[in-house]
Amino acid sequence: MGKKVEQENLPSVVMPSCEMRKILAGQKALATGANSGIGKTVAIALGQAGADVVVNYVTNPGQAEEVVAKIRESGVKAYAHQADVSQEDQVKAMFARMCEEFGTIDIMVNNAGLQRDAKLEEMTLRQWDTVIGVNLTGQFLCAREAVREFKRRGVRPEISCAAGKIICISSVHEVIPWAGHVNYAASKGGVMLMMKSIAQEVAPHRIRVNSVCPGAIRTPINTAAWSTAEAYASLMQLVPYKRIGEPEDIGRVVAWLASDEADYITGASIFVDGGMTLYPGFATGG
Ligand code: BGC
């Protein structure tokens, strides 16, 4: 089971999938920005693990429908919902529809995110606002609506030990500073303390809140970092494990973190980065 991935100068690997173990059976999940990249693979992994899934997207409905079709192959329900997570009214409408169609929500995956890169002195306020709006405010708005529903409904022991789970897709850049990307790094640094503060606040209600922090994953957001041999070689200097991450590396961890197997984990940032946060420059120096 799983997808075969060719590795540069290394044996190819088969990515395991969540297909065999229905660790999320009966749960209702919402994944934002799920028509491409990490979000797409996360949404599919949640479906493979047995959850019904709402596929949120902003642009490209065709892509979202393809993800929906792929999720349904696992025998679960899915539908696509267009909403800009930075807009309060659209987020509220998305939750209202989900509660109508699926009855409730058990798993919120805050994935929608974007980059608008520029050197500081060239960065426009619009570039700053767009990134903070989607990556940080969007995660706040979705987390708030999810917590409202989790608390209204409470724990259903036959479904999960927890009243609800929120998983924020953050980044290694919640701790690694990133020149030329101050808006993005600020948004992810914000996600870190927002996530931990929410986790502390809602833990007594049996709601778990965690982040998954990807390193360099092969997706459209960072094509320039891996699509040529030179770029890939230079990227590998930052990755001790010497391979780029695949979206499945993230999808699997998110599905597991949302499951009761991870029931005692809350307020944690889980780095899935091939060691990018291990200060690779110090492997030979210092
Ligand atoms: C960014 C990617 C980058 C990776 C590692 C991610 O959060 O979106 O563009 O390749 O971090 O630097």
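Scroll up for the structure.
Anyway, here's the lowdown on the structure attached to this text. Every value quoted in this text rests on a predicted model; they were computed, and no experiment measured them.

## Considerations on the site of the ligand
Part 1: Close to the ligand lie Gln115, Ser171, His173, Trp178, Tyr184, Gly215, Ala216, Ile221, Asn222 and Met276.
Part 2: Gln115 is positioned with one of its side-chain polar atoms (N or O) 2.6 Å from an oxygen atom of the ligand.
Part 3: A distance of 2.7 Å separates an oxygen atom of the ligand from a polar atom in the side chain of His173.
Part 4: Burial of the ligand by the protein amounts to 89% of the accessible area it has alone, namely 310 Å².
Part 5: Residue composition of the shell around the ligand, grouped by class: five nonpolar, five polar and no charged.

## Comments concerning the pattern of salt bridges
Part 1: Inspection of every chain in the model, using the stated rule, returns 14 salt bridges.
Part 2: The closest approach of N and O atoms between Glu101 and Arg97, which form a salt bridge, is 2.9 Å. Highlighted residues: Glu101 and Arg97, both in helix H3 (residues 88–102), separated by four residues, approximately one helical turn.
Part 3: Take Glu101: its relative accessible area is 43%, and that puts it in the partly exposed class.
Part 4: Of the residues examined, Arg97 reaches a relative accessible area of 28% and is grouped as partly exposed.
Part 5: The shortest N-O distance in the salt bridge between Asp106 and Arg153 comes to 3.7 Å. With Asp106 in the loop between H3 and strand E6 (107–110) and Arg153 in helix H4 (residues 125–153), this residue pair connects regions lying 47 residues apart in the sequence. In this pair, the class of Asp106 matches that of Arg153, namely buried.
Part 6: Each of the salt bridges in this network shares a partner with another, and the network as a whole consists of Glu88, Arg144, Glu145 and Arg148.

## Side note on the sheet that holds E6
Part 1: One open sheet accounts for seven strands, arranged E5-E4-E3-E6-E7-E8-E9; its pairing is parallel. Two strands lie at the open edges of the sheet, namely strand E5 (78–82) and strand E9 (269–272), each paired on one side alone. Averaged over all adjacent pairs, the angle separating strand axes in this sheet is 20°, with direction ignored.
Part 2: With four bridges joining them, E6 and strand E7 (residues 164–169) adopt parallel strand pairing. Each residue of the ladder has a partner; that of Ile107, found in E7, is Lys165.
Part 3: Where helix H1 (residues 37–48) meets the sheet, its contacts fall on strand E3 (28–31), strand E4 (52–57), E6 and strand E8 (207–214), and the angle it forms with E4 comes to roughly 165°.
Part 4: Along the sheet, H3 makes contact with E3, E4, E5 and E6, crossing E5 at roughly 160°.

Conventions and cut-offs
Residues numbered from 1 in each chain as written. Predicted model: local features only at pLDDT ≥ 70, side-chain atom pairs only at ≥ 80, totals over all residues. Heavy atoms only, no water. Near = heavy atom within 4 Å. Polar contact = N/O pair within 3.5 Å; in protein donor to acceptor, adjacent residues only side chain to side chain. Areas by Shrake-Rupley, 256 points an atom, 1.4 Å probe, with all protein chains shown as cover. Nonpolar A, V, L, I, M, F, W, Y, C, P; charged D, E, K, R; others polar. Salt bridge = Lys/Arg side-chain N within 4 Å of Asp/Glu carboxyl O. Helix = DSSP H or I, 4+ residues; strand = E, 2+ residues; numbered from the N terminus. Buried < 20%, exposed > 50% of the residue type's maximum accessible area, 1.4 Å probe, protein only. Pairing = 2+ DSSP bridges. Axes fitted to C-alpha atoms, helices over the stretch in contact; angles between N-to-C directions. Contact = heavy atoms within 4.5 Å.

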